[in-house]
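Each chain, written out:
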Amino acid sequence: MANILVVDDENAMLQLIKRILEKDAHIVTLQADAKAVLDMDFRRYDLILLDVMMPDVNGFELCNQIRSRVDCPIIFLTAKTQESDIVRGLGIGGDDYITKPFGTNELLARVNAHLRRDTREKKYAVSISGILFHINAKEAEVNGNKLPLTKSEYEICEYLALHRGQVFSREQIYEAVFGFDGESDDSVIATHIKNIRSKLAAVKLSPIETVWGVGYKWE
């Protein structure tokens, strides 16, 4: 059971998502006014579902404004599938996206996967390739400076780094990091890797290698 905030300007969609999530005994808070979300206390929530196409403040803008105050995963609900939109959403702090229309099982699987992943217990820190991974805090730093990684980006880095030298397919990375069984979303992993590389390049690091036709590895 988790406390989940759902933000969507369509009441029918809010009620549908509420019914689906309550099947798994989650406590669901509905919000149709995106502007009102800016004044909310996010400490009580374990996950946020955020529609992209909303009037006044769209989901990307809202995520960008609240991400610094939100520790929990943010999943976008979107009809947009273009790469540029996906890159934008994940790059500003989103952890995943679900394309509308979606099925009951897909929504529950994605939500519960992120909830499981976000509560995994970690107990140590380790330095790999010049990056210090604070496993418990889910943070990474280089030369004392914190890397601006989202939760999902950090988890992908941690997984690849702790298995340095091993090659993993996009599907394997998704399953290992997000705990989502059966319907791996390759585009999410590829986009996260692109964003990770950009942030690591800013500190002159490039530890993630593409193994063409197979996947990725941490050098």
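Calculation notes
Residues numbered from 1 in each chain as written. Predicted model: local features only at pLDDT ≥ 70, side-chain atom pairs only at ≥ 80, totals over all residues. Heavy atoms only, no water. pLDDT = per-residue confidence, 0-100. Helix = DSSP H or I, 4+ residues; strand = E, 2+ residues; numbered from the N terminus. Domains from an automatic or database assignment. Contact = heavy atoms within 4.5 Å. Buried area = accessible area lost by both parts, 1.4 Å probe. Salt bridge = Lys/Arg side-chain N within 4 Å of Asp/Glu carboxyl O. Polar contact = N/O pair within 3.5 Å; in protein donor to acceptor, adjacent residues only side chain to side chain. Disulfide = S-S within 2.5 Å. Buried < 20%, exposed > 50% of the residue type's maximum accessible area, 1.4 Å probe, protein only. Pairing = 2+ DSSP bridges. Axes fitted to C-alpha atoms, helices over the stretch in contact; angles between N-to-C directions.

### A few points about the confidence of the model for the chain
Chain-level pLDDT for the chain is 88 on average; 93% of the residues reach the 70-or-more range. Across the chain, the element-wise mean pLDDT spans from 80 in helix 4 (residues 83–91) up to 97 in helix 1 (residues 11–22).

### A closer look at the domain arrangement of the chain
Partitioning the chain into domains gives domain 1 (2–123) and domain 2 (126–218). Each of domain 1 and domain 2 has a C-alpha centre, and the two are 22 Å apart. Each partner contributes residues to the interface: domain 1 has 23 residues there, and domain 2 has 23 residues. Here domain 1 meets domain 2 over a buried area of about 1,900 Å², counting both sides, of which 49% is carbon and sulfur. At the boundary of domain 1 and domain 2, one finds zero salt bridges. Counting across the domain 1 and domain 2 interface gives four residue pairs in polar contact (both at pLDDT 80 or more). At the level of elements, helix 4, strand 5 (96–99) and helix 5 (104–118) are the ones that each hand at least two residues to the side of domain 1 that touches domain 2. For the side of domain 1 that touches domain 2, the element with the most residues is helix 5, which contributes seven residues.

### Structural notes on the state of the cysteines
Taken as a whole, this structure holds zero disulfides when the rule is applied. With no disulfide of its own, Cys-72 has Cys-63 as its nearest cysteine by sulfur position, at a separation of 10 Å. Free of any disulfide, Cys-157 has its nearest neighbouring cysteine sulfur in Cys-63, separated by 18 Å. Given a relative accessible area of 1%, Cys-157 falls into the buried group.

### Regarding the sheet that holds strand 6 (residues 125–128)
Strand order in the open sheet formed by four strands is 6-7-8-9, with antiparallel pairing between adjacent strands. The sheet is open, and its two edges are formed by strand 6 and strand 9 (145–146), each paired on a single side. Examined bridge by bridge, strand 8 (residues 139–142) and strand 9 share two bridges and lie antiparallel to one another. Note on strand 9: the bridge partner recorded for Val-142 is Asn-145. Sitting on the sheet, helix 6 (residues 151–162) is in contact with strand 6, strand 7 (131–134) and strand 8, with an inclination near 110° to strand 7.

### Re the sheet that holds strand 3 (residues 47–51)
Taking strand neighbours across the sheet as the criterion, the five strands line up as 2-1-3-4-5 in an open arrangement whose pairing is parallel. Among the strands making up the open sheet, the edge pair consists of strand 2 (27–31) and strand 5. When the angles between neighbouring strand axes are averaged without regard to direction, this sheet yields 20°. Across the sheet, helix 1 is in contact with strand 1 (3–7), strand 2, strand 3 and strand 4 (74–78); its angle to strand 2 comes to roughly 170°.

### Some details on unusual backbone geometry
It is generally the case that most residues other than glycine have a negative phi and that most peptide bonds are trans. Here the residue pair Lys-100 and Pro-101 is connected by a cis peptide bond, since its omega of -5° sits within 30 degrees of zero. Mapped onto the fold, Pro-101 is located in the loop between strand 5 and helix 5. Even without glycine at this site, Asp-56 takes up a positive phi of about 70°. The phi torsion at Lys-138 lies on the positive side, around 55°, for a residue other than glycine. The exposure class of Lys-138 is buried, given its relative accessible area of 15%.

### A look at the environment of Asn-3
You can see Asn-3 is positioned in strand 1. On the basis of relative accessibility, which here comes to 21%, the residue Asn-3 falls in the partly exposed class. Sequence separation of Asn-3 and Asp-46 is 43 residues, and the distance between their C-alpha atoms is 5.3 Å. Aside from chain neighbours lying at most four places away, what touches Asn-3 is Ile-27, Arg-44, Tyr-45, Asp-46 and Leu-47. At 3.5 Å, the side chain of Asn-3 and the backbone oxygen of Arg-44 are in polar contact.

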